[in-house]
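# Notes for the structure review
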Amino acid sequence: MTNQKATADSLPKNEMRAAWISSVLNIDMKAGMTKAQYTQWAQSTLDKLKAANYNAVIFQVKPLNDALYASELAPWSSYITGKKQGTNPGFDPLQIMLDEAHKRGLELHAWVNPYRVTMASQTLSDLAADNVARKNPSWVVKYGKQYYLNPGLPEVQNYLVSTIEELVSNYDIDAVHMDDYFYPYKIKGETFPDQQTFKKYGSSFNKIEDWRRNNVNELVGNVYASINEIKPHVQYGISPFGIWRNKGQDATGSNTNGMSNYDDLYADTRQWMKDGNIDYITPQIYWSRSNKAANYSVLLDWWGREVETYAKVHPVNLYIGMADYKVGNDSDVAWKNKTELTNQVIANRANKNTQGQMHFSLKSINNNALGYAPYLKQQLYNYKALTPATVWKDSTVPLYPTDVKLSKESSGMKLTITDENSTQPRKYVIYRFDGTKEGSYEGVKNIVDVVYNTQGNTVYVDTTANKHKVYTYGIKSISATGVESKTAFVLQDGQPMLPVAEEPE
């Protein structure tokens, strides 16, 4: 399998293939673009990802208690303009990225960092005057060289939940995504300064550590409840650090020896699963399959068992965070081999509890160290895949569209999808079969594309169709929770496609 193209039969039909697009410190997005430049960048970025058969982007829209979208609760991010925080770029970066992603059938997950207020190089005076951290200095703590909102304060909790409510209410995002930054990574010899807050609010806890974990658990639970109240189909996912706890700390932990979510970041990933407060979890297993302290294969198996054992309220989709940034660029020699990452994807597929992966990050995908990216596409992403469903949110099977018309255009086969069903699907999946008969809808080889429903009147042009061939198309609906219709609207072409004379300009 390592050295041969994946066959259509061996490929999962539903697989998360996402790219993280990081705005903090302008890692993946440069500052100071005009609206036209930004739009062109978003379009070319998404075109490349789509061509490589990715199906989702994780776009960082709140890197520092700020916003890459129009918000009444947080100032404009400096990472969009390159100017002082709060400077209006004159356009809405999230809305443009969202529109362009959906035009290409790609999901957009809005990535937010809850507690972080500044990076190490910044002071509070760098923040916009209306930033809540400046308006409410008592909410802020300094740890190391950075400022954070204090997770133990009810006012902070309420504020953070309200920012998510605003985001979900105002934008047609597919998911809210948080990464590994809960309580900050520990600094040797420094104590996180929340002892007074603990005295005031932690009386029901014997240990400050348990109280901190509970603060994070409450945030996770409250965010999930809020999303479900506003738009129940919107997913909530978290991508924590790759180790929950080591075996040396807990007999049920992983056979690893590294920092841990539970003890160091006060992020109890297992509890979120037990409580049914997340829809997906993406542990960042940023190590090789030969790493001794934190082995990829050991952690993949451990996380697979974790979702199987503890996700009892409802299932949790397990995706894996992939270290594309380490390919060809790490002290661990395993990363000098371009197949390390592709072999990890193969391992993910072999694990029955894993449903895909997210790649960190766009810059590394584009830089393509050792030429690994085409290898990934040719070997493993050589067919399209649908994003995994979240049937626990709504298992209703959608109806197929009411009508589809076919017309031959100079650019390809134009499908006009009309949908008058009272409950509208979120997307359609377009299957294409050679000849005048329907083929299988089970595998992936007949999927041409996924297209978002545009208010019951959706147009899609199949530019890959051969003008001299006869095709049968099957169009199925996909609900907002990823459930596919049982039957398809079938169009039998029956005639060879004839070239259309182009209009004179």
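Structure first, text after, so check above.
Reading the values: the criteria
- Residues numbered from 1 in each chain as written.
- Predicted model: local features only at pLDDT ≥ 70, side-chain atom pairs only at ≥ 80, totals over all residues.
- Heavy atoms only, no water.
- Helix = DSSP H or I, 4+ residues; strand = E, 2+ residues; numbered from the N terminus.
- Buried < 20%, exposed > 50% of the residue type's maximum accessible area, 1.4 Å probe, protein only.
- Contact = heavy atoms within 4.5 Å.
- Areas by Shrake-Rupley, 256 points an atom, 1.4 Å probe, with all protein chains shown as cover.
- Lys, Arg positive; Asp, Glu negative; His and termini not counted.
- Charge placed at Lys NZ, Arg CZ, Asp CG, Glu CD.
- Polar contact = N/O pair within 3.5 Å; in protein donor to acceptor, adjacent residues only side chain to side chain.
- Pairing = 2+ DSSP bridges.
- Axes fitted to C-alpha atoms, helices over the stretch in contact; angles between N-to-C directions.
- 1 Å grid on protein atoms, 1.4 Å probe; cavity = no way out; pocket = protein on both sides within 12 Å on 5 of 7 lines; lining within 4 Å.
- Points joined across faces, edges and corners; volume = space filled by probe spheres on them.
- Nonpolar A, V, L, I, M, F, W, Y, C, P; charged D, E, K, R; others polar.
- Phe/Tyr/Trp six-rings, centres within 6.5 Å; stacked < 30°, edge-to-face > 60°.
- Lys NZ or Arg CZ within 6 Å of the ring centre and 35° of its normal.
- Right-handed = clockwise from strand over helix to strand, strands pointing away.

### Here we look at the overall build of the protein
A count of helical and extended segments in the protein gives 13 helices and 17 strands. Projected onto its principal axes, the C-alpha coordinates of the protein cover approximately 75 × 50 × 45 Å. Looking at the protein residue by residue over its 505 residues, the buried ones come to 59%. In the protein, of all internal contacts separated by at least 6 residues, the share reaching a separation of at least 24 is 74%. Surface exposure of the protein reaches about 20,800 Å², of which carbon and sulfur atoms provide 48%. Computed over 54 positive and 53 negative side-chain charges, the inter-centroid distance for the protein is 5 Å.

### Concerning the environment of Ser288
Take Ser288: it is sitting in the loop between β8 (280-281) and α10 (296-310). Take Ser288: its relative accessible area is 0%, and that puts it in the buried class. Among residues more than four places away in sequence, those in contact with Ser288 are Ala294, Asn295, Tyr296, Asp332, Ala334, Trp335, Glu340 and Gln344. A polar atom in the side chain of Ser288 sits 2.6 Å from the side chain of Asp332.

### What about the environment of Ile230?
Its place among the elements puts Ile230 in helix α7 (residues 208-230). Residues Ile230 and Asp403, spaced 173 residues apart in sequence, show a C-alpha to C-alpha distance of 31 Å. In contact with Ile230, not counting residues within four places along its chain, are Glu165, Val168 and Ser169.

### Some points on the sheet that holds strand β10 (residues 354-359)
Spatial strand order, β1-β2-β3-β6-β7-β8-β9-β10: eight strands in a closed barrel with parallel pairing. Taken together, the four bridges between strand β1 (residues 16-21) and β10 define a ladder with parallel strand orientation. Note that in β10 the partner of Arg17 across the bridge is Gln357. Across the sheet, α10 lies against β8, β9 (317-322) and β10, angled at about 160 degrees from β9, the strand it touches most.

### As for empty space enclosed by the protein
Unfilled space is identified by rolling a water-sized probe across the atoms. This model, assessed by the stated rule, comprises two cavities of 30 Å³ or more. Here the largest cavity defines a volume of roughly 290 Å³. Along the wall of the largest cavity there are 25 residues; nearest its centre are Asn55, Gly105, Thr387, Lys427 and Val450. Among the residues forming the lining of the largest cavity, the class breakdown is eight nonpolar, nine polar and eight charged. Together, Lys62, Val112, Asn113, Pro114, Leu160, Thr163, Ile164 and Met178 line the second largest cavity. Looking at the lining of the second largest cavity element by element, the count peaks at three residues for helix α5 (residues 154-170).

### Observations regarding the packing of aromatic side chains
The tally for this structure, following the rule as stated, stands at 28 aromatic pairs. Aromatic side chains Tyr69 and Tyr171 sit 5.6 Å apart centroid to centroid with 75 degrees between the ring planes, which places their arrangement in the edge-to-face category. One end of the pair, Tyr69, is in the loop between β2 (56-62) and α2 (78-81); the other, Tyr171, is in the loop between α5 and β6 (175-178), and 102 residues separate them in sequence. Accessibility classification places Tyr69 together with Tyr171 in one group, the buried group. Here Tyr185 and Phe241 contribute two aromatic rings whose centre-to-centre distance is 6.1 Å and whose plane-to-plane angle is 85 degrees, an arrangement assigned as edge-to-face. With Tyr185 in the loop between β6 and α6 (195-201) and Phe241 in the loop between β7 (235-238) and α8 (261-265), the pair connects residues that are 56 residues apart, well separated along the chain. You can call Phe241 buried: its relative accessible area is 14%. Ring pairing ties together the aromatic residues Tyr115, Tyr143, Tyr148, Tyr183, Phe192 and Tyr266, which thus form one cluster. Positioned over the ring face of Trp244 is Arg270, at 3.9 Å from the centre of the ring.

### Considering the sheet that holds strand β12 (residues 412-418)
To summarise the sheet geometry, strands pair through backbone hydrogen bonds and adopt either a parallel or an antiparallel arrangement. Strand order in the open sheet formed by three strands is β11-β12-β15, and the pairing between neighbours is antiparallel. Among the strands making up the open sheet, the edge pair consists of β11 (403-409) and β15 (457-462). The sheet shows a mean angle of 20 degrees between the axes of neighbouring strands, direction not considered. Sheet topology note: the β12/β15 ladder contains six bridges and is antiparallel. Across the sheet, residue Thr416 finds its bridge partner in β15, namely Val459.

### Notes on the pairing of β9
Most of β9 sits out of view: six of its six residues are buried. The alternating pattern of β9 places Asn317, Tyr319 and Gly321 and Leu318, Ile320 and Met322 on opposite faces, both of which are buried. Sheet topology note: the β8/β9 ladder contains two bridges and is parallel. Bridge assignment links Tyr280 to a residue of β9, and that residue is Asn317. Regarding topology, α10 serves as the crossover connection from β8 to the parallel β9, and that connection is right-handed. Note: β9 against β10, four bridges, orientation parallel. Its bridge partner being in β10, Leu318 is matched across the sheet by Thr354. With respect to chirality, the unit in which β9 leads through helix α11 (residues 339-350) into the neighbouring parallel β10 is right-handed.

As far as function goes, none of this settles anything; it's purely spatial.
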